Amino acid sequence: MVRLPWYKSALQLVLHFFFPRECFGCGCDLAWHAQEPLCPACLAGLKEPGPLICRRCGAVLTSGGAHCYACRGSRARQYKCEIIRSALMFNPSSRALVHALKYAGADYLARYMGECMARRFGHYPELAAAELVLAVPLFPRRMRQRGYNQSELLARFFALAVGLPVETGVLVRVRDTVSQTTLGRQGRLENMAGAFACVKAEAVRGKVVLLVDDVATTGATLEGCAQALKKAGAKKVLAYTFARE
């Protein structure tokens, strides 16, 4: 635990007395000096993907092998997003953080989550070639409703921690797609096809781009972004998310 100066500790204690903090995972009271947004039990629930994952999309392989069914053999060549990796598994502990950031206005969690991504970034040398960080964009209407793009906040804090440049306004969402939750894998890919556009081709031309998002499920959203970036001249598109379903 990081030790704070006495006056900051005193202020934190006073604030905790009047505004006690709760664990985002289970709702229990956090200790006044807690630096984490989760209690020790929920914090222990944050797990990395693996031990075996698909070499392309990062999906957990429960039966071994090198690739999942969707990326096996010649299927991998159809994808523009060449590699997808994630800092954590999408489970109750990580889901609590994602949902608080995404739906409960807890934008301050982005720093903690982005720095968490940065700490695990070194575990994936296959992402080391990244030259530029971009966030998956929101459709303007959803951006106005939420007030911020959670993926952009994650990208900013992650990029700052690892020393990579981050750009905004390069990739835009041009179509307000239907919810992905009711669609299968192929339906999700079709839903995201043509949903994004790169409006600053000069920013990505000839570069290895790293896309940042909150959660990867089938990778359809990342693939839609990658299609637009490759069309604009990006050399290679990789992706890194906070969690992996």
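Remember, it's a predicted structure, so these values are computed and weren't measured experimentally. (Residues numbered from 1 in each chain as written. Predicted model: local features only at pLDDT ≥ 70, side-chain atom pairs only at ≥ 80, totals over all residues. Heavy atoms only, no water.)

Caption draft 1: Representation of empty space enclosed by the protein within the structure. Taken as a whole and assessed by the stated rule, the structure comprises 1 cavity of 30 Å³ or more. In this structure, the largest cavity spans a volume of roughly 40 Å³. Looking at the largest cavity, the residues that line it are Pro 49, Ile 53, Cys 57, Gly 58, Ile 84, Arg 85, Ser 86, Tyr 124 and Arg 244. Top contributing element to the lining of the largest cavity by residue count: strand β1 (residues 81-89), with 3 residues. Class assignment of the residues belonging to the lining of the largest cavity gives a composition of 5 nonpolar, 2 polar and 2 charged. (1 Å grid on protein atoms, 1.4 Å probe; cavity = no way out; pocket = protein on both sides within 12 Å on 5 of 7 lines; lining within 4 Å. Points joined across faces, edges and corners; volume = space filled by probe spheres on them. Helix = DSSP H or I, 4+ residues; strand = E, 2+ residues; numbered from the N terminus. Nonpolar A, V, L, I, M, F, W, Y, C, P; charged D, E, K, R; others polar.)

Caption draft 2: Seen up close, the sheet that holds β1. Overall, parallel pairing links the 4 strands, which are arranged β1-β6-β5-β2 in an open sheet. Edge positions in the sheet fall to β1 and β2 (132-135), since each has one partner strand and no second. Each neighbouring strand pair of the sheet contributes to a mean axis angle of 25°, computed without reference to strand direction. Of the strands in this sheet, β1, β5 (208-216) and β6 (236-244) touch helix α3 (residues 92-103), which is tilted by about 105° from β6. (Pairing = 2+ DSSP bridges. Axes fitted to C-alpha atoms, helices over the stretch in contact; angles between N-to-C directions. Contact = heavy atoms within 4.5 Å.)

Purely geometric numbers; function is a separate question.
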